[in-house]
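Results of the structural survey
Okay, here's what each chain looks like letter by letter:
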Amino acid sequence: MIYAIRTLVGQEKNVARIIARNVKNSGIEVNSILVPESLRGYILVESSTKIDMQNPAFKVPHMKGVIDGEIPFEEVKTFLNPEPILASIQKGSIVELISGPFKGEKAKVVRIDESKENVVLELIEAAVPIPVTVKGDQIRLIQKEAD
Amino acid sequence: MVIKACTRCHRLMEEERCAICNIPSSKNWSGFLIIVDPENSDIAKELNISLPGEYALRVR
């Protein structure tokens, strides 16, 4: 059985580590704790029995409570094999920068370095086309291929 | 303290080399998984993990 626990955003790993340490001595059967990168503010706890939130082992700072109901294992599988960020992006795609100094700017993909997960972009609104290299997780796809 | 991940078994560690696989570890990893009881865990079975510990989901 897999349950979702709500945590403070940014504290997912700390909450997971504390729960893992607490359950070792408490007799609660927690088999694994998953912190999916794409699911901010939640951790997934796999347990053989129903989680008793009243147990002192779950008195953890930054934890906001458990979500009612189980999560089917099929849904959890999608988090276990995260798809590479650059899989959907190709040369000529229009993307938006979501972090860094050019945040909010639109750009066209010039080159993709898959091994380093870097992309070389050309800002659309710049007067002179300057190639900018950014990490693959700093961009969001807007349009698959330019006209 | 930089946490690194083994590129083969995805185990998280601070050392330069994985103690089990004896290959260099990578700083570039994402996703976080703690396996407490690998024998009863479906997630551990899905990922072929047989030792308890902390793991990354993706290592480059």
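Residues numbered from 1 in each chain as written. Chains lettered and ligands numbered in written order. Predicted model: local features only at pLDDT ≥ 70, side-chain atom pairs only at ≥ 80, totals over all residues. Heavy atoms only, no water.

1. Observations regarding the pattern of salt bridges
Close approach of charged atoms lets side chains of opposite charge pair. A complete count under the given rule lists five salt bridges over all chains for this structure. Between B:Glu46 and A:Lys77 there is a salt bridge, and its shortest N-O distance comes to 4.0 Å. Of this pair, B:Glu46 sits in helix 1 (residues 42-46) while A:Lys77 sits in helix 2 (residues 73-80), which puts the two residues in different chains. The class for B:Glu46 is partly exposed, based on a relative accessible area of 33%. Where A:Glu96 meets A:Arg140, a salt bridge forms, and the shortest distance between an N and an O atom there is 2.5 Å. Of the two residues, A:Glu96 is situated in strand 5 (residues 94-97) and A:Arg140 in strand 9 (residues 139-143); the sequence distance between them amounts to 44 residues. Taking relative accessible area as the criterion, A:Glu96 reaches 18% and is therefore assigned buried. A relative accessible area of 43% means that A:Arg140 is categorised as partly exposed. Beyond isolated ion pairs, a larger network of salt bridges with shared partners links A:Glu74, A:Lys77 and B:Glu46. (Salt bridge = Lys/Arg side-chain N within 4 Å of Asp/Glu carboxyl O. Helix = DSSP H or I, 4+ residues; strand = E, 2+ residues; numbered from the N terminus. Buried < 20%, exposed > 50% of the residue type's maximum accessible area, 1.4 Å probe, protein only.)

2. A few points about the sheet that holds strand 3 (residues 25-26) of chain B
Spatial strand order, 2-1-3 (chain B): three strands in an open sheet with antiparallel pairing. Looking at strand neighbours, the two that pair on one side only are strand 2 (12-13) and strand 3 of chain B, the edges of this open sheet. (Pairing = 2+ DSSP bridges.)

3. Structural notes on the UniProt feature "binding site: Zn(2+)" (unreviewed entry) in chain B
Residue and element names in this part refer to chain B. In this numbering, the UniProt entry assigns the feature "binding site: Zn(2+)" (unreviewed entry) to Cys6, Cys9, Cys18 and Cys21. Taken together, the annotated residues stretch across 16 residues yet fold into one region, lying no more than 8.6 Å apart by C-alpha. Lining residues of the second largest pocket drawn from the annotated set just named are Cys9. Mapping Cys6 onto the fold places it in strand 1 (residues 4-6). Residue contacts for Cys6: discarding those within four places in its chain leaves Arg11, Met13, Cys18, Cys21, Ile23, Ser25 and Val59. One can find Cys9 in the loop between strand 1 and strand 2. What Cys9 contacts, discounting residues up to four positions off in sequence, is Cys18, Cys21 and Tyr55. (UniProt positions renumbered as here; feature names shortened; annotations may be inferred. 1 Å grid on protein atoms, 1.4 Å probe; cavity = no way out; pocket = protein on both sides within 12 Å on 5 of 7 lines; lining within 4 Å. Contact = heavy atoms within 4.5 Å.)

4. Let's talk about the UniProt feature "domain: Spt4/RpoE2 zinc finger" (unreviewed entry) in chain B
Using the residue numbers shown here, the UniProt feature "domain: Spt4/RpoE2 zinc finger" (unreviewed entry) corresponds to residues 3-60 of chain B. The distance from the first to the last C-alpha atom of residues 3-60 of chain B is 14 Å, and the span holds 9% helix and 31% strand.

5. A few points about the side chain of A:Glu46
Position of A:Glu46 relative to the elements: it lies in strand 3 (residues 42-47). Of the polar contacts made by the side chain of A:Glu46, one reaches the side chain of B:Ser41; its length is 2.6 Å. Ignoring sequence-local partners within four residues, the contact set of A:Glu46 consists of A:Met1, A:Ile2, A:Glu29, A:Val30, A:Asn31, A:Ser32, B:Asn40, B:Ser41, B:Asp42 and B:Ile43. (Polar contact = N/O pair within 3.5 Å; in protein donor to acceptor, adjacent residues only side chain to side chain.)

6. Observations concerning the environment of B:Pro24
Residue and element names in this part refer to chain B. Of note, Pro24 is situated in the loop between strand 2 and strand 3. On the basis of relative accessible area, Pro24 is assigned to the partly exposed category, the value being 48%. When the C-alpha atoms of Pro24 and Ala5 are compared, they prove to be 8.9 Å apart, with 19 residues separating the residues in sequence. With residues up to four places along the chain from it excluded, the contact list for Pro24 reads Thr7, Glu16 and Arg17.

7. A word on the sheet that holds strand 5 (residues 32-35) of chain B
Taking strand neighbours across the sheet as the criterion, the six strands line up as 4(A)-1(A)-3(A)-2(A)-5(B)-6(B) in an open arrangement whose pairing is antiparallel. Both edges of this open sheet fall to strand 4 (63-66) of chain A together with strand 6 (53-55) of chain B, since each of them pairs with a single strand only. The sheet shows a mean angle of 20° between the axes of neighbouring strands, taken without regard to direction. Bridge count between strand 1 (residues 2-7) of chain A and strand 4 of chain A: three bridges; the pairing is antiparallel. If you follow A:Arg6 over to strand 4 of chain A, its bridge partner there is A:Gly65. Sitting on the sheet, helix 1 (residues 12-26) of chain A is in contact with strand 1, strand 2 (30-35), strand 3 and strand 4 of chain A together with strand 5 and strand 6 of chain B, with an inclination near 175° to strand 2 of chain A. Sitting on the sheet, helix 2 of chain A touches strand 1, strand 2 and strand 3 of chain A, and the angle it makes with strand 2 of chain A is about 50°. (Axes fitted to C-alpha atoms, helices over the stretch in contact; angles between N-to-C directions.)

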